[in-house]
Amino acid sequence: TKDYSDANPGIVSVLVNNYNDIISNIDSKIEREERRLAMVENRLNTKFTQLEVLLGELQGQSDYLTAVLENLPQIGKD
């Protein structure tokens, strides 16, 4: 009779090798996904920073226009 755990290739050793390959593939997929998520995070952080800068510029323009409008002469005001 053949032993199930024989190294040449027993059923158990074949299963262990297959599961080790599956685990290795899953680990690789996790690493790729972590790298992809890091790139997405960096891209979103960059966009957020750009939006913050733009918002500051627009707020400055709004403040300027408000000041200009407040200093315009009032029509019909005596």
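None of the values given here were measured: they were computed from a predicted structure.

Enquirer: It is not clear to me how the overall build of the protein should be interpreted in this structure. Could you clarify?
Expert: In terms of regular secondary structure, the protein is built from 1 helix and 0 strands. Looking at the 78 residues of the protein, the share that counts as buried comes to 1%. Summed over its atoms, the accessible surface of the protein is roughly 7400 Å², and 58% of this surface lies on carbon and sulfur atoms.

Enquirer: Is there a simple way to think about a nonpolar patch on the surface in this case?
Expert: On the surface, I11, L15, Y19, I22, I26 and I30 cluster together into a nonpolar patch covering about 570 Å² of accessible area. If you trace the backbone, Y19 turns up in helix α1 (residues 11–70).

Enquirer: I keep staring at the pattern of salt bridges and nothing clicks. Help me out?
Expert: Pairing of side chains with opposite charge becomes possible as their charged atoms draw close. Taken as a whole and assessed by the stated rule, the structure comprises 1 salt bridge. As a salt-bridge pair, E33 and R36 come within 2.6 Å of each other at their nearest N and O atoms. Of the two residues, E33 and R36 both sit in helix α1, 3 residues apart, roughly one turn of that helix. Looking at E33, the relative accessible area reads 35%, which means it is partly exposed. Relative accessible area serves as the criterion here: at 40%, R36 is assigned to the partly exposed category.

Rules behind the numbers
- Residues numbered from 1 in each chain as written.
- Predicted model: local features only at pLDDT ≥ 70, side-chain atom pairs only at ≥ 80, totals over all residues.
- Heavy atoms only, no water.
- Helix = DSSP H or I, 4+ residues; strand = E, 2+ residues; numbered from the N terminus.
- Buried < 20%, exposed > 50% of the residue type's maximum accessible area, 1.4 Å probe, protein only.
- Areas by Shrake-Rupley, 256 points an atom, 1.4 Å probe, with all protein chains shown as cover.
- Patch = residues over 30% accessible without salt bridge, like charges linked within 9 Å, V, L, I, M, F, W, Y side chains within 5 Å.
- Salt bridge = Lys/Arg side-chain N within 4 Å of Asp/Glu carboxyl O.

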